[in-house]
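Below are the chains, spelled out letter by letter.
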Amino acid sequence: MIRFILNNTPIATNQPPGMVLLDFIRYHRQLTGTKIGCREGDCGACTVLVGEWNDGKLLYKSMTSCLLPIGNAEGKHIVTVEGVNGTGLTPVQEAMAGEGATQCGFCTPGFVVSLTGFCLENQKPTMENAVAAIDGNICRCTGYKSIERAAGRLVTLLKDRKKTETGIEFCVRHKILPDYFLGIPERMSLLQESEKSKIKALSAAQTKKPRLLAGGTDLYVQQHDEMTNANIKFLLDEPGHDEIHIDGNECVLGPAVTVTDLAKSGVFSELFTFFPEYIKLVSSTPIRNMATIAGNFINASPIGDFTIFFLALDAKLKLKDGEHERLVPLRKLYKGYKILDKTPEEQITEIRFELHGTRTCFHFEKISKRRNLDIASVNSACNITSDKGIIGDAAISAGGVGPIPLYLEKNICLVNR
Ligand SMILES: Cc1cc2nc3c(=O)[nH]c(=O)nc-3n(C[C@H](O)[C@H](O)[C@H](O)COP(=O)(O)OP(=O)(O)OC[C@H]3O[C@@H](n4cnc5c(N)ncnc54)[C@H](O)[C@@H]3O)c2cc1C
Ligand code: FES
Ligand code: FES
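Just so it is clear, the structure is predicted and the values come from calculations on it, not from any experiment.

Draft legend 1. The pairing of strand S2 (residues 9-13), seen in detail. Across the 5 residues of S2, 0 count as buried, placing the element largely on the outside. Across 5 bridges, the pairing between strand S1 (residues 2-6) and S2 is antiparallel. Paired with isoleucine 5 across the strands is proline 10, a residue of S2. Linking S1 back to S2 in an antiparallel pair, the connection comprises 2 residues, with asparagine 7 at a positive phi of about 55°.

Structure, rendered in C-alpha cells:
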C-alpha cells in the first residue's frame, strides 16, 4: 500500500506503484484541474508540487505528474491546483487574471502551481528566479509577456517575506495557500515515521528481476504503458542515495542524485563555478527536480548532457548486483548504440571522479536549435590541466557525433611526462 498526502487528504492506495500520479489524481481522485497535455514532460500542464523533508526542512519542488509514478510519491505531500485554492482567487491566480495572462486556460493550472511553488521556496525574489520557476510551462495562446508580468507581481509580494517565517507561513499569511498547510509539517513527520518500514517493504516485495527506476523522466516517456504494471525497484528515496561528498581527492555522488541536487550542492558549485549557467541549458525546472545523473548515464543517449559532462571528468561508476561489485570507467560503459557493458540487474551505487586542483579548468558546451529547453544537436566538455601556459592533461568528450557518447581517448596526454 502506498501512502502520501494529496492536498489536505491522506491517501492509502493499492493501485500499482508504477501508475503515474497524473492518472491517479485525475481518474481515481477526480481532480481534473491538473491537465494532460503531452504526457512527455514537455508542456507543464500536469505540474504538481511535491513536498518532502530535506535536512530537517519541508521543501516543495515542482514536478510533472505525467512522469511521476505514485511509488515515488510515497511519504510525500502532493499539491495539485485544487490544493492551493482558497475561498476566492489566490494572489497568484489574481496576478494571472489581472495581467491578462490566461486565455483558453488549459496551461493556467500548471503556471499557478509552478508560481505557487516559487512563493514557497526560499529563493531570492528576483524576476530571473520567477521566470526560471515557470521554465517548464508552455502556453500556446496567451503569450509570455503577460505571464511574466504576473510573475513580477509575485516578486514584489515576496519582498514582504520576513526572515523568521517559513515559506508555508508566508504563503498562508498572504492567502497564497490555505490554512491547512500549517498542519502539514506535523502530518508529514507522522507519515514519515509510519512509512519508514513500508518503503523498505515496497522494495523487498519485488520479484527477482525488478526494473530499476530513478526519476522516471526517461522510462515513462519511452515505456509509459509497460511501466504502469511493472515490478519496479524504486531508487530515488533510498536513504543516503542523494548525497554528494568529498572523499580524499575524489568527489562522490550517490546513485539518486538529481540535477537539482547537483545545482544546490555547495560542494559542486565550489568545484564548478559556471554550473548554474550550464544547468540553464538542460531540460526544465520540474524535469531537473526528478532526473538523476545515473539515469542519464544508463539512458545511453549519445547526447546525454550529464554523460558528456562526467565523461570529461573521467568519472567511474560502482556497479552492484547482489554481492558482486565492480568499478567501471564511464568511458568504457558504452559498447554501441544503447548497448552497455552492464547487466540489467547491475545497479549504479556510486559515481566518483578525481579532483585535479586549481590548475585544472573545466568547460561544458551545448549546441541546440533553441538556446534553452532543447536537447543537444552536439555537446562537449573538456577538463584541462595546465602549468605556466602549457597544457599537461586534457580530457575531452563529444556528444551527437556518433552512436555513443564519446570520450576522445587519443587526446588524453598531450605532452610526455
Ligand atoms: C522534457 C524532458 C527534457 C529533457 N531534457 C534533457 C536534456 O536537456 N538533457 C539531457 O541529457 N536529458 C534530458 N532529458 C532526459 C532525462 O531527463 C535524463 O536522461 C535523466 O537524467 C534521466 O534520469 P531519470 O532518473 O529520470 O531516469 P529513469 O527514467 O528513472 O531511468 C533511465 C534508465 O536508467 C536506469 N537507471 C536509473 N538509475 C539507475 C541506477 N542507479 N543504476 C542502474 N540503472 C539505473 C533505469 O533502469 C532506466 O533504464 C529530458 C527528459 C524530458 C522528459
Ligand atoms: S502532460 Fe505535458 S508535461 Fe505532463
Ligand atoms: S492560455 Fe491557452 S495555452 Fe495558455
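Draft legend 2. Representation of the site of ligand 1. The full set close to ligand 1 counts 32 residues, and Gly41, Ala214, Gly215, Gly295 and Asn296 are the nearest of them. The leading source of residues in the shell around ligand 1 is helix H15 (residues 293-299), at 5 residues. Taken together, the residues of the shell around ligand 1 break down into 16 nonpolar, 11 polar and 5 charged. Of the domains in this structure, domain 1 (2-187) and domain 2 (240-411) are the two that each give at least three residues to the shell around ligand 1.

Draft legend 3. Spotlight on the environment of threonine 80. You can see threonine 80 is positioned in the loop between strand S5 (77-79) and helix H2 (81-84). Sequence separation between threonine 80 and isoleucine 25 is 55 residues, and the spatial gap between their C-alpha atoms is 8.6 Å. What threonine 80 contacts, discounting residues up to four positions off in sequence, is Asn7, Ile25, Leu31, Gly33, Thr34 and Val48.

Draft legend 4. Just the nonpolar core, in detail. With 100 residues, the main nonpolar core has Leu21, Ile78, Leu115, Cys119 and Leu154 as its most contacted residues. Considering every element that reaches this core, the biggest residue donor is helix H4 (residues 108-120), with 7 residues. Residue-level mapping places this core at the junction of two domains, with at least three residues from each of domain 1 (2-187) and domain 2 (240-411). If sequence neighbours within four positions are ignored, cysteine 119 has contacts with Val92, Leu154, Leu158, Cys171 and Ile176.

Criteria and thresholds
Residues numbered from 1 in each chain as written. Chains lettered and ligands numbered in written order. Predicted model: local features only at pLDDT ≥ 70, side-chain atom pairs only at ≥ 80, totals over all residues. Buried ≥ 20, exposed ≤ 12 C-beta atoms within 10 Å, placed from the backbone. Helix = DSSP H or I, 4+ residues; strand = E, 2+ residues; numbered from the N terminus. Pairing = 2+ DSSP bridges. Near = placed C-beta within 6 Å. Nonpolar A, V, L, I, M, F, W, Y, C, P; charged D, E, K, R; others polar. Domains from an automatic or database assignment. Contact = placed C-beta atoms within 7 Å. Core = buried A, V, L, I, M, F, W, Y, C linked by C-beta atoms within 7 Å.

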